[in-house]
Amino acid sequence: MAGPTRGFLGRARTPRDARLPPGQYDTGSDWPVLTAEPTPRISPETWSITVDGQVETPTTWSWDEVHALPAAEYRGDIHCVTTWSKFDTHFAGVSVDSLLEVARPTEEGRFVMATAKTGYTTNLPLDDVRGGKAWLVWEFDGRPLSLEHGGPVRLLVPHLYFWKSAKWVTRLTLMKRDQQGFWERNGYHDRGDPWLQQRYQGD
Ligand SMILES: Nc1nc2c(c(=O)[nH]1)N[C@H]1C(S)=C(S)[C@@H](COP(=O)(O)O)O[C@H]1N2
Ligand SMILES: [Mo]
């Protein structure tokens, strides 16, 4: 007897499906904009990034100074807690490691609060923004990052849900203890691993 037809077994899993975390769908070429606050107009000349808190050398970089750091890029997928994922994105900027090398976290610095110029905040374990896992980015697909997507510069932490990737980021503060950012105080998870579906506090 012939075995069950393919229809019985359902659609075969493709390599693309395997890249989709549980509960997510592929948004294709769309890139939804999700912003809690009005979109600020920040010019590269007035933008800067500061790394402070539990570090040996609190440091601020201007637009030009951050561009003098080694160039780095991310090619891969991003995942929003509202269930869209976007495959094969391409961002360019610098690795957060390059900033941490200069600022040097103290032994006690274990967590990071990322703060945007607008006041939006999000907290992350330090280990999730070092070791080649997080970037400051100013280019998407070879073009300047648009204002609505966080231009001139946003944080990119693509292995966590996208609310951790603060748009218009201007400060990374190292902390001894975890403190909650904007969405975390409003019920979102402190870590936000999409593969573990860490959407809400308690997940
Ligand atoms: N400053 C700021 N950064 C933010 C947000 C925000 O509201 N303000 N939203 C977060 C959320 S919930 C998501 S899903 C992504 C959305 O980024 P996008 O609009 O570029 O898709 O940005 C994150 N970073
Ligand atoms: Mo989100």
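The structure presented is a predicted model; accordingly, all values stated were derived computationally and were not measured. (Residues numbered from 1 in each chain as written. Chains lettered and ligands numbered in written order. Predicted model: local features only at pLDDT ≥ 70, side-chain atom pairs only at ≥ 80, totals over all residues. Heavy atoms only, no water.)

Trainee: How should I be thinking about the UniProt feature "domain: Oxidoreductase molybdopterin-binding" (unreviewed entry) in the protein in this particular structure?
Mentor: Sequence positions flagged by UniProt for "domain: Oxidoreductase molybdopterin-binding" (unreviewed entry) are, in local numbering, residues 38–183. This span, residues 38–183, is 10% helix and 40% strand, and a straight line between its end C-alpha atoms measures 16 Å. (UniProt positions renumbered as here; feature names shortened; annotations may be inferred. Helix = DSSP H or I, 4+ residues; strand = E, 2+ residues; numbered from the N terminus.)

Trainee: Which parts of the structure should I look at to understand the site of ligand 1?
Mentor: Close to ligand 1 lie 21 residues, the nearest being Pro32, Ala36, His149, Arg154 and Lys167. In this structure, an oxygen atom belonging to ligand 1 sits 2.9 Å away from a main-chain N or O atom of Leu34. Computed on the free molecule, ligand 1 has an accessible area of 520 Å², of which 98% lies beneath the protein chains in the complex. Class assignment for the residues of the shell around ligand 1 results in 14 nonpolar, four polar and three charged. (Near = heavy atom within 4 Å. Polar contact = N/O pair within 3.5 Å; in protein donor to acceptor, adjacent residues only side chain to side chain. Areas by Shrake-Rupley, 256 points an atom, 1.4 Å probe, with all protein chains shown as cover. Nonpolar A, V, L, I, M, F, W, Y, C, P; charged D, E, K, R; others polar.)

Trainee: Help me understand the side chain of Asp193, please; the structure alone is not making it clear to me.
Mentor: Among the secondary structure elements, Asp193 is positioned in the segment after helix 5 (182–185). A relative accessible area of 12% places Asp193 in the buried class. Excluding residues within four positions of it along the chain, Asp193 makes contact with His159, Leu160, Tyr161 and Gln198. (Buried < 20%, exposed > 50% of the residue type's maximum accessible area, 1.4 Å probe, protein only. Contact = heavy atoms within 4.5 Å.)

Trainee: Quick question: what am I supposed to make of the pattern of salt bridges here?
Mentor: Should their charged atoms come close, side chains of opposite charge can pair. Applying the stated criterion across every chain yields a total of 10 salt bridges. In this structure, Arg16 engages Asp26 in a salt bridge whose closest nitrogen and oxygen atoms are separated by 3.2 Å. With a gap of 10 residues between them, Arg16 in helix 2 (residues 15–18) and Asp26 in strand 1 (residues 25–26) connect regions that are remote in the sequence. Judged by relative accessible area, Asp26 falls into the partly exposed class, the value being 31%. The shortest N-O distance in the salt bridge between Asp128 and Arg191 comes to 2.7 Å. Placement of the pair is Asp128 in the loop between strand 7 (121–125) and strand 8 (135–140) and Arg191 in the segment after helix 5, with a sequence separation of 63 residues. (Salt bridge = Lys/Arg side-chain N within 4 Å of Asp/Glu carboxyl O.)

Trainee: I'm lost on the sheet that holds strand 7 in this one. Help?
Mentor: Strand pairs in the sheet, formed through backbone hydrogen bonds, run parallel or antiparallel to each other. Overall, mixed pairing links the five strands, which are arranged 3-2-11-6-7 in an open sheet. With one partner strand each, in any of the chains shown, strand 3 (59–62) and strand 7 form the two edges of the open sheet. Between one strand axis and the next, the sheet turns through 15° on average, direction left out of account. Pairing analysis gives four bridges linking strand 2 (residues 48–53) to strand 3, with the strands arranged antiparallel. Counterpart to Ser48 in the pairing with strand 3 is Ser62. (Pairing = 2+ DSSP bridges. Axes fitted to C-alpha atoms, helices over the stretch in contact; angles between N-to-C directions.)

Trainee: I'm lost on helix 4 (residues 96–103) in this one. Help?
Mentor: Because each turn of an α-helix spans 3.6 residues, side chains separated by three or four positions in sequence point in the same direction. Listed as buried for helix 4 are Val96, Ser98, Leu99, Leu100 and Ala103. Here helix 4 starts with a cap whose side-chain oxygen sits 3.0 Å from the backbone nitrogen of Asp97, and that cap is Ser95. Once helix 4 ends, the next one or two residues include Arg104, with phi positive near 55°.

Trainee: Sorry, what's going on with the environment of Gly132 here?
Mentor: Looking at the element boundaries, Gly132 is found in the loop between strand 7 and strand 8. When its relative accessible area of 41% is taken as the criterion, Gly132 is described as partly exposed. Expressed as a C-alpha distance, the spacing of Gly132 and Ser95, which sit 37 residues apart in the sequence, is 6.6 Å.

Trainee: Looking at this structure, how should I read the packing of aromatic side chains?
Mentor: Think of a pair of aromatic rings as described by two things: how far the centres are apart, and how the planes are tilted against each other in angle. As enumerated under the stated definition, the model contains 13 aromatic pairs in all. Aromatic pair Trp31 and Phe91: ring centres 5.8 Å apart, planes at 85°, arrangement edge-to-face. In this pair, Trp31 sits in the loop between strand 1 and strand 2 while Phe91 sits in strand 5 (residues 84–95), placing the two residues 60 residues apart along the sequence. Classification of Trp31 as buried rests on a relative accessible area of 15%. Taking the relative accessible area as the measure of exposure, Phe91 reaches 0% and is therefore buried. (Phe/Tyr/Trp six-rings, centres within 6.5 Å; stacked < 30°, edge-to-face > 60°.)

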